[in-house]
Amino acid sequence: RRCQTFSGSGHQENGGAMSSEVEEIMKRIIKHKGVREVIIADKEANLVYQDSNSGTSIEEHKKYAANLAQLTTQARSVVRDLDAQNDLSFLRIRSKRHEIMVAPDKDFLLMVVQDPTSTTESKK
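A quick note: this is a predicted structure, and the numbers were derived from the prediction, not measured. (Residues numbered from 1 in each chain as written. Predicted model: local features only at pLDDT ≥ 70, side-chain atom pairs only at ≥ 80, totals over all residues. Heavy atoms only, no water.)

J.: So what exactly am I meant to see when it comes to the overall build of the protein here?
T.: The secondary structure content of the protein amounts to three helices and six strands. The linear arrangement of helices and strands in the protein, starting from the amino end, is β-α-β-β-α-β-β-β-α. Counting all 124 residues of the protein, 40% fall into the buried class. Considering only intrachain contacts with a sequence separation of at least 6, the fraction spanning at least 24 residues in the protein is 44%. Accessible surface for the protein amounts to roughly 7700 Å². Of this, 49% is attributable to carbon and sulfur atoms. (Helix = DSSP H or I, 4+ residues; strand = E, 2+ residues; numbered from the N terminus. Buried < 20%, exposed > 50% of the residue type's maximum accessible area, 1.4 Å probe, protein only. Contact = heavy atoms within 4.5 Å. Areas by Shrake-Rupley, 256 points an atom, 1.4 Å probe, with all protein chains shown as cover.)

In structure tokens, the structure reads:
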């Protein structure tokens, strides 16, 4: 089940404009085997875009964005404390139920949540 949308399968918050190229990339990501959620948030953790293959609510997406933004800030701080010339480029978290990948940018966070069992099964 996918979210109701502005055009296609994704949902954009705040009526913001998103380039068609970015929209197409998000649509391709959500179609990958095992991908459950695709979320883009701004640096204040406000949803910019979200799409779901699992029927997750917008409130749950907001919770993902808020928590992962905070964790990403902490991880970035650790990386910089260890090497002031370095920066966080990617964060991956794996649990029994989910694998969460975060690609931080200066102004946005791209978050992808997937089912780790479907990705390991596809490699067999």
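J.: Please clarify how unusual backbone geometry should be interpreted in this entry.
T.: In most cases, non-glycine residues show a negative phi, while peptide bonds are predominantly trans. With phi around 70°, A45 is a residue other than glycine that occupies positive phi space. Mapped onto the elements, A45 comes out in the loop between strand 2 (35-42) and strand 3 (47-52).

J.: Before we go on, may I ask you to explain the nonpolar core in this structure?
T.: Across soluble globular proteins, nonpolar side chains have a tendency to be buried as a group. In this structure, Y64, L68, I100, V102 and M111 are the most contacted members of the largest nonpolar core, which totals 16 residues. At the level of secondary structure, the elements contributing two or more residues to this core comprise strand 2, helix 2 (58-82), strand 5 (99-104) and strand 6 (108-114). Per element, the largest residue contribution to this core is five residues, and it comes from helix 2. Ignoring anything within four residues of it in the chain, the contact list for Y64 reads I39, A69, H98, I100, M111 and V113. (Core = buried A, V, L, I, M, F, W, Y, C linked by side-chain atoms within 4.5 Å.)

J.: Any chance you could explain helix 2 here in plain terms?
T.: Here helix 2 spans 36 Å end to end across 25 residues, near enough to the 36 Å set by a 1.5 Å rise per residue. For helix 2, every residue scored as buried is listed here: H61, Y64, A65, L68, A69, T72, A75 and R76. Along its buried surface, helix 2 packs onto strand 2, strand 3, strand 4 (91-94), strand 5 and strand 6. (Expected span 1.5 Å × (residues − 1).)

J.: Can you walk me through the pairing of strand 2 in this structure?
T.: Looking along a regular strand, one sees the side chains alternate between the two faces of the sheet. Most of strand 2 is tucked away: seven of the eight residues are buried. Bridge count for strand 2 against strand 6 is seven bridges, and the pairing is antiparallel. If you follow I40 over to strand 6, its bridge partner there is L110. Two elements, strand 2 and strand 3, share five bridges in a ladder whose sense is antiparallel. Within the sheet, the bridge partner assigned to V38 lies in strand 3 and is D51. In textbook terms, the turn of a hairpin is the stretch between consecutive antiparallel strands, and for strand 2 and strand 3 this stretch comprises four residues, one of which, A45, has a positive phi near 70°. (Pairing = 2+ DSSP bridges.)

J.: What exactly am I supposed to notice about helix 1 (residues 20-30) here?
T.: Note on helix geometry: an α-helix contains 3.6 residues per turn, so any two residues three or four positions apart are oriented the same way. Residues of helix 1 that are buried include every one of E23, M26, K27 and I30, and no others. Looking straight down helix 1, one finds its buried side chains confined to an arc of 100°; they lie on one side. Relative to its buried face, helix 1 has exposed residues pointing more than 90 degrees away, namely E21 and R28. Here the buried face of helix 1 lies against strand 2, strand 3 and strand 6. (Arc of directions from axis to C-beta.)

Nothing here speaks to function; it is all geometry.
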